[in-house]
Amino acid sequence: QVQLVESGGGSVQAGGSLRLSCAASGLSRSTYCMYVMSWYRRAPSQEREFVSSIDRNGATRYTDSVKGRFTISQDNARNTVYLQMNSLKPEDTAMYYCKIEAANPWCSTGGTYWGQGTQVTVSS
């Protein structure tokens, strides 16, 4: 069945870089699915917030705090979504979660799927 596996988290110093990956399995490849792949994060004592998303056409969105520093992308088969994080700041420290969603009823694997999260820690 559908699974999302995140990787790439770790500890870096401010100004460093990390590349997060989210590999999906069990998703229908139908063009009706129109998946939106996104990254969210939850910092200590804060609610989960949207970070970035990419749709099947490659259109991207970013929260203001990461614009110019983070880049979201997907592989050719659209099985994996990436988040390249550059110029990391301590305030980027959070658990990062992958989310894939297809709301179209013609998609056999429609629904919302979350990964377990990968920890990113940025020290000053």
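As shown above, the structure is provided for reference.
Residues numbered from 1 in each chain as written. Predicted model: local features only at pLDDT ≥ 70, side-chain atom pairs only at ≥ 80, totals over all residues. Heavy atoms only, no water.

Caption draft 1: Structural detail: the overall build of the protein chain. Within the protein chain, the regular secondary structure consists of zero helices and 11 strands. Shown N-terminal to C-terminal, the secondary structure of the protein chain runs as helices and strands in the order β-β-β-β-β-β-β-β-β-β-β. Relative to a compact globule of 124 residues, whose C-alpha radius of gyration would be 14 Å, the protein chain shows 14 Å and is just as compact. Summarising its shape, the C-alpha atoms of the protein chain cover approximately 50 × 25 × 20 Å along the three principal directions. Within the span of the protein chain, comprising 124 residues, buried residues form 42% of the whole. For the protein chain, contacts bridging at least 24 residues in sequence account for 55% of all contacts bridging at least 6. With an accessible surface of roughly 6600 Å², the protein chain has 45% of that area assigned to carbon and sulfur atoms. In the protein chain, which carries 12 positive and 9 negative side-chain charges, the distance between the mean positions of the two groups comes to 4 Å. (Helix = DSSP H or I, 4+ residues; strand = E, 2+ residues; numbered from the N terminus. Rg over C-alpha atoms; globule rule 2.2 N^0.38 Å. Buried < 20%, exposed > 50% of the residue type's maximum accessible area, 1.4 Å probe, protein only. Contact = heavy atoms within 4.5 Å. Areas by Shrake-Rupley, 256 points an atom, 1.4 Å probe, with all protein chains shown as cover. Lys, Arg positive; Asp, Glu negative; His and termini not counted. Charge placed at Lys NZ, Arg CZ, Asp CG, Glu CD.)

Caption draft 2: Spotlight on the side chain of aspartate 92. Mapped onto the elements of the fold, aspartate 92 is located in the loop between strand S8 (80–85) and strand S9 (94–102). Assessed through its relative accessible area of 1%, aspartate 92 is described here as buried. A polar contact of 3.0 Å, which involves the side chain of aspartate 92, links it to the side chain of arginine 41. Apart from the residues lying within four places of it in its own chain, the contact partners of aspartate 92 are Arg41, Arg69, Phe70, Ser87, Val120 and Val122. (Polar contact = N/O pair within 3.5 Å; in protein donor to acceptor, adjacent residues only side chain to side chain.)

Caption draft 3: Layout of the sheet that holds S8. On the basis of which strands lie adjacent, the open sheet formed by four strands has the order S1-S3-S8-S7 and antiparallel pairing. This sheet does not close on itself; its edge strands, each paired only once, are strand S1 (3–7) and strand S7 (70–74). Strand-to-strand, the axes of this sheet are offset by a mean angle of 15 degrees, without reference to chain direction. Of the pairings in the sheet, the one linking S1 to strand S3 (residues 18–25) comprises five bridges and is antiparallel in character. The partner of valine 5 across the bridge, within S3, is alanine 23. (Pairing = 2+ DSSP bridges. Axes fitted to C-alpha atoms, helices over the stretch in contact; angles between N-to-C directions.)

Caption draft 4: Layout of the nonpolar core. Counting 30 residues, the largest nonpolar core has Trp39, Phe70, Val81, Leu83, Met85, Tyr96 and Ile100 as its most contacted members. Contributions of two or more residues to this core are made by S3, strand S4 (36–42), strand S5 (49–54), S7, S8, S9 and strand S11 (118–123). Those residues within four positions of methionine 85 in sequence are excluded, and the remaining contacts are Gly16, Ser17, Leu18, Leu20, Arg69, Phe70, Tyr96 and Val120. (Core = buried A, V, L, I, M, F, W, Y, C linked by side-chain atoms within 4.5 Å.)

Caption draft 5: Broad picture of the packing of aromatic side chains. One pass over the structure, following the stated rule, counts two aromatic pairs. For the ring pair tyrosine 40 and phenylalanine 50, a centre distance of 5.6 Å and an interplane angle of 80 degrees mean the geometry is edge-to-face. Linking tyrosine 40 in strand S4 with phenylalanine 50 in strand S5, this pair joins segments that are 10 residues apart in sequence. Positioned above the aromatic ring of tyrosine 82, the side-chain terminus of arginine 19 is 4.0 Å from the ring centre. (Phe/Tyr/Trp six-rings, centres within 6.5 Å; stacked < 30°, edge-to-face > 60°. Lys NZ or Arg CZ within 6 Å of the ring centre and 35° of its normal.)

Such coordinate-based values are descriptive only and should not be taken to indicate function.
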